[in-house]
Amino acid sequence: MGGPMKVTDRVHWVGALDPDLITFDIIMKTDRGTTYNSYLVKGDNHVALVDTVRAGFEGELLAKLGACVDPARIDYVIVNHSEPDHSGAVAAVLDRAPQATVLGTAKALQFLQEILNRDFSRRAVKPGEVLDLGGVSLRFIPAPFLHWPDTMFTWLDEERMLFSGDVFGAHFADEAMFDDAVTGELWPAVGHYYEAIMGPFAPHVQRGMKAIEGLPVAMICPAHGPIQRRNPARSIEAYRSWSAPASRQKPLAVVCYVSAYGYTRALAAAVTEGMRVGGAEVEMLDLEETTPRDAAAAAARADVVVVGSPTINSSAAPPVAEMLAHLDPFRAKGKVFGAFGSFGWSGEAVDLLMARAGELKMRPVTPGIRASFSPTAEDLDRARAYGTDLVKALTGDQPAH
Ligand code: FEO
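Since this is a predicted model, take the numbers as computed values, not measurements. (Residues numbered from 1 in each chain as written. Predicted model: local features only at pLDDT ≥ 70, side-chain atom pairs only at ≥ 80, totals over all residues. Heavy atoms only, no water.)

Engineer: Sorry, what's going on with the overall build of the chain here?
Structural biologist: If you tally the helices and strands in the chain, you get 13 helices and 24 strands. The principal-axis extent of the C-alpha atoms belonging to the chain is close to 80 × 40 × 40 Å. A buried classification covers 55% of the 401 residues belonging to the chain. Pairs at least 24 residues apart make up 70% of the contacts formed inside the chain by residues separated by at least 6 positions. With an accessible surface of roughly 16,900 Å², the chain has 51% of that area assigned to carbon and sulfur atoms. (Helix = DSSP H or I, 4+ residues; strand = E, 2+ residues; numbered from the N terminus. Buried < 20%, exposed > 50% of the residue type's maximum accessible area, 1.4 Å probe, protein only. Contact = heavy atoms within 4.5 Å. Areas by Shrake-Rupley, 256 points an atom, 1.4 Å probe, with all protein chains shown as cover.)

Structure follows, in structure tokens:
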């Protein structure tokens, strides 16, 4: 379990490692486990705890806390983000620090109430509010939708330390807990975390980076993974760049398909040809070679998403349905969508895929292309024309109908 870790004279890490975690939030693979970071900040007059840990790890948190301070001396529990992997031990802390006040955004306090289902002393902080602990002070910087509506940063000015919540985090457990001391490569885990957790909220990430612009950050103390002190500016710059709107010479289209006998593949090639004629750059992904998750990531970057599936037992093929299940609605919304597929005797797949695109608030260009068994030359001509229409739909020349 280990003891608390000194970060600076005023700040100790009192969180928990969860190295054996293999999946986070049900969907995200975590090869290196994760950590739930909690930080104790001791001022001359007041003591604050920034974030807690997931339920089940409260014993570790309390033991580390007890090695640093009498928990009853904690004056403030700061909730940067109320998701239960960080708020799961708030109740246990409050049991030992009954006079402590929980500080967070109004939304965080509302969510926390619904998580704890008990009374607690609380105060919603104002944007930019400064909390003087005596010799050190904390400033609260709202960062809504990074990645929940409740989130904020906490800035410790005297130590140039940013308690960033999930932002800049990584699922990466290593007892060394500092990025310049861990074993293995942390940076890919930072990128993977961004893509899975923050990527859907890119415009909010842009605003969040704006909110911390100019802060002389010497150390990022995230809620997951090692403390970043080697080059914190690299993470901030990367978040800026990863979340920036794409600027392209040509629109980007992704065609994701499966094909049992080559018939749907022939339609995929024809749709692709039509889109290239229409001026798009096109990436073709056979979902027997590319995982649905990777295909969804490619689709999330595209302007036009086209899927092709044969009809199998009155449904779309599972890899195609799974790819759309991985495509998150925040990133899918507004993209032009097309569907095509070969079928034997019923042919429901295309309509089902169009319906799913509607649920994702994409712009389906209906009715799509269906071909009975092997596509004829005429079917392929229709598919080529459809591809060109999909590109035109981007500019409204061929409105989605
Ligand atoms: Fe690590 Fe969004 O909780």
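Engineer: Teacher, can you tell me more about the pattern of salt bridges here?
Structural biologist: Side chains that differ in charge, positive against negative, can pair when their charged atoms come close. By the definition in use, this model includes 17 salt bridges. One salt bridge connects Arg248 with Asp303, and the closest N-O pair in it is separated by 2.9 Å. Here the residue Arg248 occupies a position in the loop between helix H7 (232-243) and strand S17 (252-257), and Asp303 occupies one in the loop between helix H9 (292-301) and strand S19 (304-308), the gap between them amounting to 55 residues. The exposure class of Arg248 is partly exposed, given its relative accessible area of 35%. The closest approach of N and O atoms between Arg384 and Glu273, which form a salt bridge, is 3.4 Å. Highlighted residues: Arg384 in helix H13 (residues 377-395) and Glu273 in helix H8 (residues 263-277), separated in sequence by 111 residues. (Salt bridge = Lys/Arg side-chain N within 4 Å of Asp/Glu carboxyl O.)

Engineer: Honestly, helix H12 (residues 349-359) in this entry has me stumped. Any pointers?
Structural biologist: Residue pairs spaced three or four apart in an α-helix point in one direction, given the helix's 3.6 residues per turn. Residues of H12 that are buried: Ala349, Val350, Leu353, Met354 and Ala357. For H12, the angular spread of the buried residues around the axis is 135°, confining them to a single face. Positive backbone phi, at 60°, marks Lys361, one or two positions downstream of H12. (Arc of directions from axis to C-beta.)

Engineer: How should the pairing of strand S16 (residues 219-222) be read in this particular structure?
Structural biologist: Two faces, one strand: in a regular strand the side chains alternate between the faces of the sheet. Going residue by residue along S16, you find Met219 and Cys221 tucked away on one face and Ile220 and Pro222 tucked away on the opposite face as well. Both strand S15 (residues 161-165) and S16 contribute to a ladder of four bridges, which runs parallel. Looking at the pairing, Phe163 lines up with Cys221 of S16. (Pairing = 2+ DSSP bridges.)

Engineer: Explain the sheet that holds strand S11 (residues 122-124) here, please?
Structural biologist: Strand pairing in a sheet is mediated by backbone hydrogen bonds. Such pairs are either parallel or antiparallel. Strand order in the open sheet made by the seven strands is S1-S2-S7-S8-S9-S10-S11, with mixed pairing throughout. In the strand order of this sheet, the two ends are held by strand S1 (5-6) and S11, each with one partner. Bridging between strand S9 (residues 76-78) and strand S10 (residues 101-104) involves three bridges; their strand directions are parallel. Within the sheet, the bridge partner assigned to Val77 lies in S10 and is Val102.

Engineer: Would you take a moment to explain the sheet that holds strand S12 (residues 130-132) for this structure?
Structural biologist: Spatially, five strands are ordered S12-S13-S14-S15-S16 in an open sheet, and the strand pairing comes out mixed. Strands with a single pairing partner mark the edges of an open sheet, and in this sheet they are S12 and S16. Adjacent strand axes in the sheet meet at a mean angle of 20°, parallel and antiparallel pairs treated alike. Bridge count between strand S13 (residues 137-142) and strand S14 (residues 152-156): five bridges; the pairing is antiparallel. Within the sheet, the bridge partner assigned to Phe140 lies in S14 and is Thr154. (Axes fitted to C-alpha atoms, helices over the stretch in contact; angles between N-to-C directions.)

Engineer: What's the story with H8 in this structure? I'm lost.
Structural biologist: For H8, which comprises 15 residues, the first-to-last C-alpha distance of 22 Å matches the rise-based estimate of 21 Å (1.5 Å per residue) to within 8%. Burial in H8 covers these residues: Thr264, Leu267, Ala268, Ala270, Val271, Thr272, Gly274 and Met275. Of the surrounding elements, those touching the buried residues of H8 are S17, strand S18 (281-286), S19, strand S22 (336-343), strand S24 (369-372) and H13. (Expected span 1.5 Å × (residues − 1).)

Engineer: For this particular structure, what's the right way to read the packing of aromatic side chains?
Structural biologist: A complete count under the given rule lists eleven aromatic pairs for this structure. Measuring from ring centre to ring centre gives 5.9 Å for Phe111 and Trp148, while their planes differ by 85°; the resulting arrangement is edge-to-face. With Phe111 in helix H4 (residues 106-116) and Trp148 in the loop between S13 and S14, this residue pair connects regions lying 37 residues apart in the sequence. Aromatic pair Trp187 and Trp242: ring centres 5.7 Å apart, planes at 40°, arrangement tilted. With a gap of 55 residues between them, Trp187 in helix H5 (residues 187-198) and Trp242 in helix H7 connect regions that are remote in the sequence. Connected via pairs of aromatic rings, a cluster forms that spans Phe168, Trp187, Tyr194, Tyr239 and Trp242. A cation over an aromatic ring shows up here: Arg122 above the ring of Phe120, its NZ or CZ 3.9 Å from the ring centre. Its end group placed over the ring of Trp187, Arg234 keeps NZ or CZ at 3.8 Å from the ring centre. (Phe/Tyr/Trp six-rings, centres within 6.5 Å; stacked < 30°, edge-to-face > 60°. Lys NZ or Arg CZ within 6 Å of the ring centre and 35° of its normal.)

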